[in-house]
Amino acid sequence: MAINNVDICCGLAWGDEAKGKIVSQLIQYNKYDWICRWSGGNNAGHTIYVNGIKYATHIIPAGVFYGIPCYIGPDCYINFNAFTEEIEYLKTNGFDVSKIYISGKAHVITDEHIDDDNKNYKKQQGSTGSGIAPCAKDKFARKGVQVKDCKNFPYNIWNETVSPLYGDILCEGAQGFWLDINYGEYPFVTSANTLPYSACSLGFPHQVIRNIYGAAKVYDTRVGVDPSFEHDFSETYESVYTSIAKIGEEYGTTTKRLRKVQWLNIDKLINAINISGTNHVIISKIDILEKMNSFVYIFNDNYCHFETKEDFIKNINDIILNKCDYVEKIIYSDNPITVDLLNNSSSLST
């Protein structure tokens, strides 16, 4: 069977942009044959609401919540213990895990990788301590262990000579644009390609990509070490940032760390949209700024203040549409569960 269409959901910031919510909505709106994860490991996480109940996954794609086959690709890193715990978590909550497949070419995270990460990366670079960087180091040194070499792993391993994928596919990204190993603020980045072009590593040509859904929040957040995230004048808004973090429940899905907050940097958002090729921009958490009654973004290194949500949104839309040639739709979401991806009344949805 051939691959027909591929949709990709990627992060436009530093991760934690509500990609899980978007992926969940896309799955419900479209008839996908596969839901895929193309990079990273259990250092990332998605929050998914199913029938009003909150669930969290870290490496297993969201298709598992809807009975759709899931594929974890060759550019992923697998911690067998964490994977087994996630499988048991899903089974305990009544989900069928029989349709989850792992590429035999994915690399295995060992206890030694985790020890190395905690000793040499966690404090210095703010990693999650999951062993991803040391595992990636061994992969590119040609001395890593692939999943296909682990004979006793009791789950579905795809020893592919060709891609298992067919039909319509949704690829869900991990982390975000500014954590990309190439485009992020090196060395404070993840050990993977987070941009949507790297989803082709799953085994399809770029010609079948249909839509790229880029996820952002109406304010920026970051976990881990990154000196560039701290703006020169952030102390002016320190108490506001703290309030936004608490009201917005800005805690990492995987790490539970309280995220650093800053006003939305439009210049960075524009770069992320253009380089990723995003044509559908989804901006979440507009409701948090409504609760704060503070509407501010950073553009050209200036703080731009607005009295109303409507003026705030209009100005963001005007800038994006003027600077980003591929954008067809900008959508805003005001809750953690849903986003109106079907609103086709105009090029913009609020």
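Refer to the structure above for everything that follows.
So, here's what we can say about the structure.

Cut-offs applied
- Residues numbered from 1 in each chain as written.
- Predicted model: local features only at pLDDT ≥ 70, side-chain atom pairs only at ≥ 80, totals over all residues.
- Heavy atoms only, no water.
- Helix = DSSP H or I, 4+ residues; strand = E, 2+ residues; numbered from the N terminus.
- Expected span 1.5 Å × (residues − 1).
- Buried < 20%, exposed > 50% of the residue type's maximum accessible area, 1.4 Å probe, protein only.
- Arc of directions from axis to C-beta.
- Pairing = 2+ DSSP bridges.
- 1 Å grid on protein atoms, 1.4 Å probe; cavity = no way out; pocket = protein on both sides within 12 Å on 5 of 7 lines; lining within 4 Å.
- Points joined across faces, edges and corners; volume = space filled by probe spheres on them.
- Nonpolar A, V, L, I, M, F, W, Y, C, P; charged D, E, K, R; others polar.

**With respect to helix α9 (residues 309-323)**
Its 15 residues place the ends of α9 21 Å apart at the C-alpha level, agreeing with the 21 Å of an ideal helix rising 1.5 Å per residue. For α9, the full list of buried residues reads Phe312, Ile313, Ile316, Asn317, Ile319 and Ile320. Looking straight down α9, one finds that the buried residues subtend no more than 165° of arc, so they occupy a single side. Among the exposed residues of α9, those pointing more than 90 degrees away from its buried face are Glu310 and Asn322.

**Quick notes on the pairing of strand β15 (residues 295-299)**
Of all five residues in β15, five are buried; the element is thus mostly enclosed. Side-chain alternation along β15 places Phe295, Tyr297 and Phe299 on one buried face and Val296 and Ile298 on a second face that is also buried. The pairing of strand β13 (residues 260-265) with β15 spans two bridges and is parallel. Its bridge partner lying in β15, leucine 264 is registered against tyrosine 297.

**Here's the deal with empty space enclosed by the protein**
Per the counting criterion, the structure on display carries two cavities of 30 Å³ or more. Estimated volume of the largest cavity: approximately 50 Å³. Along its surface, the largest cavity is lined by Leu12, Ala13, Trp14, Trp178, Ala216, Lys217, Asp220, Leu264, Asn265, Lys268 and Leu269. Only β11 (209-217), β13 and α7 (266-276) provide two or more residues apiece to the lining of the largest cavity. Partitioning the lining of the largest cavity into residue classes produces seven nonpolar, one polar and three charged. Its boundaries defined by the atoms lining it, the second largest cavity holds a volume of some 30 Å³. Taken together, the residues of the lining of the second largest cavity break down into three nonpolar, four polar and two charged.

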